[in-house]
Structure formats: structure tokens, C-alpha cells
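# A structural walkthrough
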Amino acid sequence: MHSPKFKRHDDLSESLGKDYFLAAQVDFSTLASDLAALPGPCIVDLRLLGEDIDNSRTLLQLGFAKICVLAIFSAELPEAAPAEPAAPGPENSPETAVFRDAAWIERHAHNLRLGCFALNPNIPGESWLAVHRNMVEKSLASPRVLKFFQDDGFVSFRVHEDKAVIDFFSAVNRRQGTGSALMARLFAFARTQRVRSIEVVTECENIPACLFYQKNNFRLAQTAVIFHYHKN
Ligand SMILES: CC(C)(COP(=O)(O)OP(=O)(O)OC[C@H]1O[C@@H](n2cnc3c(N)ncnc32)[C@H](O)[C@@H]1OP(=O)(O)O)[C@@H](O)C(=O)NCCC(=O)NCCS
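Each chain has its residues counted from 1, following the order in which its sequence is written. In view of the model being predicted, local features appear only for residues whose pLDDT reaches at least 70, and side-chain atom pairs are presented and counted only at 80 or more, with totals across whole chains, interfaces and linings using the full set of residues.

Each helix and strand in the protein chain was counted, giving 8 helices and 9 strands. Against the 2.2 N^0.38 benchmark of 17 Å for 232 residues, the protein chain shows a C-alpha radius of gyration of 19 Å, consistent with a compact globule. Dimensions of the protein chain along its principal axes, counting C-alpha atoms only, are 60 × 40 × 30 Å. At a minimum sequence separation of 6, the contacts of the protein chain that also span at least 24 residues come to 70%. Helix and strand assignments come from DSSP, with helices taken as H or I runs of at least 4 residues and strands as E runs of at least 2, each series counted from the N terminus. When we talk radius of gyration, it's over C-alpha atoms, and the globule rule is simply 2.2 Å times the number of residues to the 0.38. Our contact criterion uses C-beta atoms placed from the backbone: two residues qualify when those atoms are within 7 Å.

Now the structure itself:
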């Protein structure tokens, strides 16, 4: 039995073809022995706040690889007195559970190639593509995740009370205004829902995405670092 400090992520394990554990409530004094007790082959994913330098050093000494720095962006929406009523029409109404064919999923799985799994050189191309396919498919299929589609692009997001959190944002034909059009629809919808802020997480390595969010009034709120430990 593996330690309960490591929670197996079933979907990711299936896509990667090996156990994928998320480390939670890490006790750094026992981490080395906890890792030794884990059955391999597996990958352990552990995340720290960007400024947590001491624990970052400990992880590197234990054999973790630093995969990427996540930028957590947030955009504040001005407080509207009453929620603006939504104008009727598909333009303003996000879709819920949708189906897209395999070719559509494949284009977006490739387009998200600056994701943390693709940035890990020990995860082969076919495996990170399988992860992306699985995650995009799940995001589309979930009725709780709302979506706007435009040309060959989409944004998916969840609304929790006064906050919207972006799940995926992808425009296959880049730099042609698709992302901006989707963002405008997301903001217009958010204003009808009394949403006060929109949050998105992207990899700092993804400069186009960082510039895109900044152009759309998002500000860097926090950073986090993803570490992976491979046990074979
Ligand atoms: C990020 C993404 C959704 C942006 O969509 P897009 O349709 O390309 O964006 P737009 O054409 O509306 O560009 C709007 C602005 O974003 C910025 N921007 C977008 N791509 C950029 C790039 N490659 N380099 C510099 N700035 C860029 C620019 O400020 C641009 O305005 P400008 O063209 O007038 O200079 C798209 O690049 C994409 O799908 N990337 C791959 C998937 C991804 O990384 N998603 C985000 C993960 S969280």
C-alpha cells in the first residue's frame, strides 16, 4: 500500500501508463522515506509556492525535477450595481456538455503543447498528448464546465460564486483575434453573473499566453512551481 500522503490521480495515471500521485500535506522530514515506500513505476507531482525556496532546494536534493513555474493570473471586474441582464442568443450563452470529434480534440491537444506534462522531458510525446486529449475531452463533456466556441478555438471555465476559473483556452489559428473574441464573450457573460474576478493558471514558459492574458487586463497574482519525482 502506498502512503495516503500521495493521492493517485486515476485519469492521469491511465493516460500516462503509470501511477501518477499528487502529493498533499507534505511532511518534509519524512518525505524521503515516504518516497522510498511508494511502489514504482510512478510519478509524484508536488507543488510549492514560487517563493518557497527552502523546500524547493530540499525537493531538488531528493531527486525531484523542477518542471515549470505556474503563473496565476487574475482579472478583477468592476462591481456592477445590479447584474446586467444577459441579452438572449447563443453569442452570450455558454454551452455546457458538448461533443467534438477526435480530429478536433487532437488539434487542441497539440495546441496546448506548453503544458507542464509536455515540459517534462521524461514524459514521451505520446503520453502528454494522451493527457491533453483526456483533459480536453473531460472539460468538454462536463456540464459543470461552461464553454464558448469561436472559429477553431474555445474557452472552458467554471463559475464558483463570484469567481470564474478558466479551465482551457485554445485558439488553433493563433494571432488572428480568436482568443480576444472568446475573452470578450467570457467577460460579457461574467458581468451577467455577478462574477467579480476571473482566474487563470498558465506556465511562465508560455509567453504568448502570458502576454495574451496581460493584454486582457489580467494581473500576475501568484506563482507556484511544479516538481516531478520519477520512480522506476
Ligand atoms: C493564448 C491563445 C489562446 C491566444 O489566442 P489568440 O487567438 O492567438 O490571441 P489574439 O489573436 O486574440 O491575440 C491577442 C493579443 O494577445 C497577445 N499575443 C497573443 N499571441 C502572442 C504571441 N505569440 N506573441 C506575443 N503576443 C501575443 C498580443 O498582445 C495579441 O494582440 P496583438 O496581436 O494585437 O499584438 C493562443 O495563442 C493559444 O491557443 N495558445 C496555445 C494554447 C495555450 O497556450 N493556451 C493557454 C493555456 S492557459
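Counting 58 residues, the largest nonpolar core has V44, V155, L186, I198 and F227 as the members making the most contacts within it. Examining the composition of this core, we find that 6 residues originate from one element, strand 4 (residues 65–76), more than from any other. Beyond its immediate stretch of four places on either side in the chain, F227 contacts L46, L59, F64, A65, K66 and I67. The nonpolar core is taken to be a set of buried Ala, Val, Leu, Ile, Met, Phe, Trp, Tyr and Cys residues joined by way of C-beta atoms within 7 Å. Counting other C-beta atoms within 10 Å of each residue's C-beta, where C-beta atoms are placed from the backbone, gives the exposure class: buried for 20 or more, exposed for 12 or fewer, partly exposed between.

Here the focus is the site of the ligand. As used in this record, a residue near a molecule or strand is one whose C-beta atom, placed from the backbone, is within 6 Å of it. What surrounds the ligand is a group of 21 residues, the closest being A171, G179, S180, P208 and F212. In terms of residue count, the dominant contributor to the shell around the ligand is helix 8 (residues 207–215) (5 residues). For the shell around the ligand, the class distribution of residues is 9 nonpolar, 9 polar and 3 charged. Basically, the charged four are Asp, Glu, Lys and Arg, the nonpolar ten are Ala, Val, Leu, Ile, Met, Phe, Trp, Tyr, Cys and Pro, and anything else, Gly included, counts as polar.

On to the sheet that holds strand 9 (residues 219–231). Backbone-to-backbone hydrogen bonds pair the strands of a sheet. The strands run either parallel or antiparallel. Being paired, for any two strands, means DSSP has found at least two bridges between them. Spatial strand order, 1-2-3-9-4-8-7-6-5: 9 strands in an open sheet with mixed pairing. This sheet does not close on itself; its edge strands, each paired only once, are strand 1 (6–8) and strand 5 (146–150). The average angle at which neighbouring strand axes cross in this sheet is 25°, direction not considered. Bridge count between strand 1 and strand 2 (residues 19–23): 3 bridges; the pairing is antiparallel. Note that in strand 2 the partner of F6 across the bridge is A23. Packing against the sheet, helix 8 makes contact with strand 4 and strand 8 (197–203), and its axis sits at approximately 165° to strand 8. Note on geometry: axes are lines fitted to C-alpha atoms, helical ones only across the stretch in contact, with angles between N-to-C directions running from 0 to 180 degrees.

The next thing to look at is the domain arrangement of the protein chain. Segmentation of the chain into domains, including their bounds, is taken from an automatic or database domain assignment. Partitioning the protein chain into structural domains gives domain 1 (6–69) and domain 2 (73–223). For domain 1 and domain 2, the distance between their C-alpha centres works out to 27 Å. Residue assignment for the side of domain 1 that touches domain 2 shows that the elements contributing at least two residues are helix 1 (10–16) and strand 4. Tallying contributions element by element places helix 1 first for the side of domain 1 that touches domain 2, with 4 residues.

In this structure, S56 sits in helix 3 (residues 53–61). For the pair formed by S56 and I123, sequence separation is 67 residues and the distance between their alpha carbons is 21 Å. Those residues in contact with S56 that lie beyond four places of it in its chain are L48 and V225.

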